[in-house]
Amino acid sequence: MAVAQIKWYLAGVLFILMQSGGDARIHTLTLKNDTRLAVDLNNFGFFANGTLDVNLTLLSIPEKLNYSSLPVGFSLSRSRVNEVFSYTAEETETCPLKTKPTNGEPLVLFLIDINNLCVNVYAMGDQDNILTAKLKGDTSKVERKSRDTSASGSKDNGSKNESDKKKDVEVKKVERPDYPLHKDTNLTLDLGKENGVYNFSFQVLFGLKSQGLYSLKFHFCQNMYPQNKHPYSFTVNVTEKNLEDFLSAAEIPLSRLYICMAGVFFTAAMVWVYTLMKHRYSVFKIHWLMAALAFTKSTSLVFHSINYHFINTEGHPIEGWAVMYYITHLLKGALLFITLALIGTGWAFVKYILSDKEKKIFMIVIPLQVLANVAYIIIESTEEGSSEYYLWKEILFLVDLICCGAILFPVVWSIRHLQEASSTDGKAAMNLEKLKLFRHYYVMIVCYVYFTRIIAILLKITMPFQWQWCYEFLVEMSTLIFFVLTGYKFRPASNNPYLQLPQDEEDVEMDEVVTESGALEGISKVKKTSNATARKSPPCNQKAAS
């Protein structure tokens, strides 16, 4: 079984590394024959003077449709909380591009008109943003000068060299006119057409009053009704920045947060190893597995921090560091659920053989963990607007909940059988202590799962956009507390009720009852000893007895 599980895991690792492209803040999304009503291009938190650059190319849409009542275009809307946007919900009875907001939040619509080769811009809500784009019919001085220079150069010298051409293009981009966006501002941009496909670009500079969390979406309202599914294709390049940072407002502190938490977890791991060395006669294999989990968690956070650092400075991750993060993240996830499940079964503490139904739990959890990590890394390396993004997101959520529920079964089985054993003759004080410990462990797991999967998310959506990094802080701190409590409860010490051996013949008989119950199947009757040290030194005991 172990060999098969390793093969499963390695196959998952190879598949992920082959598919991973790395999360980035310089996005390029290409859609071919898509039929969705709305495409979520990205969600990003902008501070004042943050910029959004959008370059749409190769737009191909049916030309014989009536786009006046059901238009096509982009929406840029702000919300106060993450993933709860006040505008442009996909499940709506009216076209989002024809609906006006009622809460006064900033909103900018870009309606594409292929008949007149223009893009109509409508700014709504209270905002102080600035739009940089080429207006319809506008010919700037820079462009005229460029054409005049090019014409004169062609008469005198034939053509410009490549460096001069690049300089002209850069000048055009820098000196495009700026237009303030206020409430009820209307503009008409130029829409280019070449070889039957359309293109245009724009930049938005966010003001102090308009900073916040924004959602950029593409809408094709012709596909509102199930019977009408018209395909469209396009390529869009999106670049978001907060001054010199490529990370969203809530993500900028994450690099420092992860490196600090890595140091905390490493310190905790070293303390744990010191404890194991100090009580080495009471140490079991599971204790070293717990140490490996703590070190792997610390290493994963280091690479996570490095990954975010390069995304922040370069706009995209460095492939080598990203792969190292993915590998350590995979190992950490597998070790976490395996360790929790083994502790729940009592493996290595009081038995070395798992029952058949406990083995089935591991046969379920390990492949599901591979699937969960595949889903996580595909989400990290896939553009948000791609069709498979939300499918993998749902898979991750479902599989993660299944794994969290699965690791509770061994704990429940152990609690049930300890209850049966404790009520056999009323003299099993040791089993009652173990039962109490298992109940505490069950409550700890449930609290950890609920907090990291539900409560922390609820706190996240109620925080201001620039403080949403606190969600990650809460998750990491809850993980640290859970690790520390688990280590304390199952620490290697002679006075730990979970590690105590029976002290008289009646307790030995009780061990046999627990073994026969099924939860602790595989335990053999042990020789009565006074402490764990005696258990480790049989020759001395035998000599003393003789």
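All values reported here derive from a predicted model rather than from experimental measurement.

Q: What's the story with the overall build of the protein chain in this structure? I'm lost.
A: Along its length, the protein chain carries 14 helices and 13 strands. Within the protein chain, the fraction of its 546 residues that count as buried is 49%. With the model as given, the accessible surface of the protein chain reaches about 27,100 Å², and the carbon-plus-sulfur share is 59%.

Q: Looking at this structure, how should I read the packing of aromatic side chains?
A: Each aromatic ring pair is described using two quantities: the centre-to-centre distance and the angle formed by the ring planes. The tally for this structure, following the rule as stated, stands at 23 aromatic pairs. On the numbers, 6.1 Å between centres and 65 degrees between planes, the contact of Phe74 with Phe200 is edge-to-face. Of the two residues, Phe74 sits in strand β4 (residues 72–79) while Phe200 sits in strand β11 (residues 197–205), which places them 126 residues apart along the sequence. Using a relative accessible area of 5% as the deciding quantity, one classes Phe200 as buried. When the ring of Phe266 is compared with that of Phe295, the centres are 5.7 Å apart and the planes differ by 70 degrees; the resulting orientation is edge-to-face. Of this pair, Phe266 sits in helix α4 (residues 254–278) while Phe295 is found in helix α5 (residues 285–314), placing the two residues 29 residues apart along the sequence. For Phe295, a relative accessible area of 26% translates into the label partly exposed. These aromatic residues form a ring-pair network of at least three members: Tyr67, Phe74, Phe110, Phe200, Phe202, Phe218, Phe220, Tyr232 and Phe234. In this arrangement the basic side chain of Lys297 is found over the ring face of Phe265, its NZ or CZ atom lying 5.6 Å from the centre. Between the NZ or CZ atom of Arg491 and the centre of the ring of Tyr488, over which it lies, the distance is 4.3 Å.

Q: Hey, could you run me through a nonpolar patch on the surface in this one?
A: Residues Tyr450, Ile454, Ile455, Leu458 and Leu459 make up a contiguous nonpolar surface patch of roughly 440 Å² in combined accessible area. Within the fold, Ile455 resides in helix α10 (residues 429–460).

Q: Got a minute to help me understand the side chain of Asp400 in this structure?
A: Considering the arrangement of structural elements, one finds Asp400 in helix α8 (residues 389–406). For Asp400, the residues in contact, after removing those within four places along its chain, are Phe337 and Arg453.

Q: Would you mind going over the environment of Ser300 with me for this structure?
A: Along the chain, the position of Ser300 falls in helix α5. Separated by 31 residues in the primary sequence, Ser300 and Leu331 place their C-alpha atoms 8.8 Å from one another. Other than its neighbours up to four places away in sequence, Ser300 contacts Tyr325, Thr328, His329 and Lys332.

Q: I'm lost on the UniProt feature "transmembrane region" (unreviewed entry) in the protein chain in this one. Help?
A: In the numbering used here, UniProt assigns the feature "transmembrane region" (unreviewed entry) to residues 256–276, 288–311, 323–349, 361–379, 391–413, 441–461 and 473–490. As annotated, residues 256–276 has a helix share of 100% and a strand share of 0%, and its two end C-alpha atoms lie 31 Å apart.

Q: I'm lost on the pairing of strand β13 (residues 232–242) in this one. Help?
A: The buried fraction of β13 is high, at eight of 11 residues. Note that strand β1 (residues 26–34) and β13 share seven bridges and pair antiparallel. When the sheet's bridge partners are listed, Leu29 is paired in β13 with Val236.

Q: Quick question: what am I supposed to make of the pattern of salt bridges here?
A: Side chains carrying opposite charge are able to pair once their charged atoms draw close together. This structure, assessed with the given rule, holds eight salt bridges. In this structure, the salt-bridge partner of Lys134 is Asp190, at a minimum N-O distance of 3.9 Å. Taken as a pair, Lys134 in the loop between β7 (129–132) and α2 (141–156) and Asp190 in strand β9 (residues 185–190) lie far apart in primary sequence, 56 residues in all. Relative accessible area serves as the criterion here: at 36%, Lys134 is assigned to the partly exposed category. The shortest N-O distance in the salt bridge between Glu476 and Lys297 comes to 3.0 Å. Placement of the pair is Glu476 in helix α11 (residues 470–489) and Lys297 in helix α5, with a sequence separation of 179 residues. Glu476 sits in the buried class, given a relative accessible area of 7%. Residue Lys297 is classed as buried on the basis of its relative accessible area, which comes to 6%.

Q: Would you take a moment to explain the packing of α5 against α11 for this structure?
A: Interaxial distance between α5 and α11 falls to 11 Å at its minimum, and their mutual angle equals 165 degrees. In this view, α5 runs roughly antiparallel relative to α11, as classed from their interaxial angle. Seen from above, α5 lies across α11 with left-handed handedness. Along its contact with α5, which presents Met290, Leu293, Lys297 and Leu301, the element α11 presents Glu476, Thr479, Phe483, Thr486 and Gly487. A per-class count over the contact of α5 with α11 returns four nonpolar, three polar and two charged.

Quick notes on the rules
- Residues numbered from 1 in each chain as written.
- Predicted model: local features only at pLDDT ≥ 70, side-chain atom pairs only at ≥ 80, totals over all residues.
- Heavy atoms only, no water.
- Helix = DSSP H or I, 4+ residues; strand = E, 2+ residues; numbered from the N terminus.
- Buried < 20%, exposed > 50% of the residue type's maximum accessible area, 1.4 Å probe, protein only.
- Areas by Shrake-Rupley, 256 points an atom, 1.4 Å probe, with all protein chains shown as cover.
- Phe/Tyr/Trp six-rings, centres within 6.5 Å; stacked < 30°, edge-to-face > 60°.
- Lys NZ or Arg CZ within 6 Å of the ring centre and 35° of its normal.
- Patch = residues over 30% accessible without salt bridge, like charges linked within 9 Å, V, L, I, M, F, W, Y side chains within 5 Å.
- Salt bridge = Lys/Arg side-chain N within 4 Å of Asp/Glu carboxyl O.
- Contact = heavy atoms within 4.5 Å.
- UniProt positions renumbered as here; feature names shortened; annotations may be inferred.
- Pairing = 2+ DSSP bridges.
- Axes fitted to C-alpha atoms, helices over the stretch in contact; angles between N-to-C directions.
- Parallel < 35°, antiparallel > 145°, perpendicular 65-115°, else oblique.
- Left-handed = near helix turned anticlockwise from the far one by under 90°.
- Nonpolar A, V, L, I, M, F, W, Y, C, P; charged D, E, K, R; others polar.

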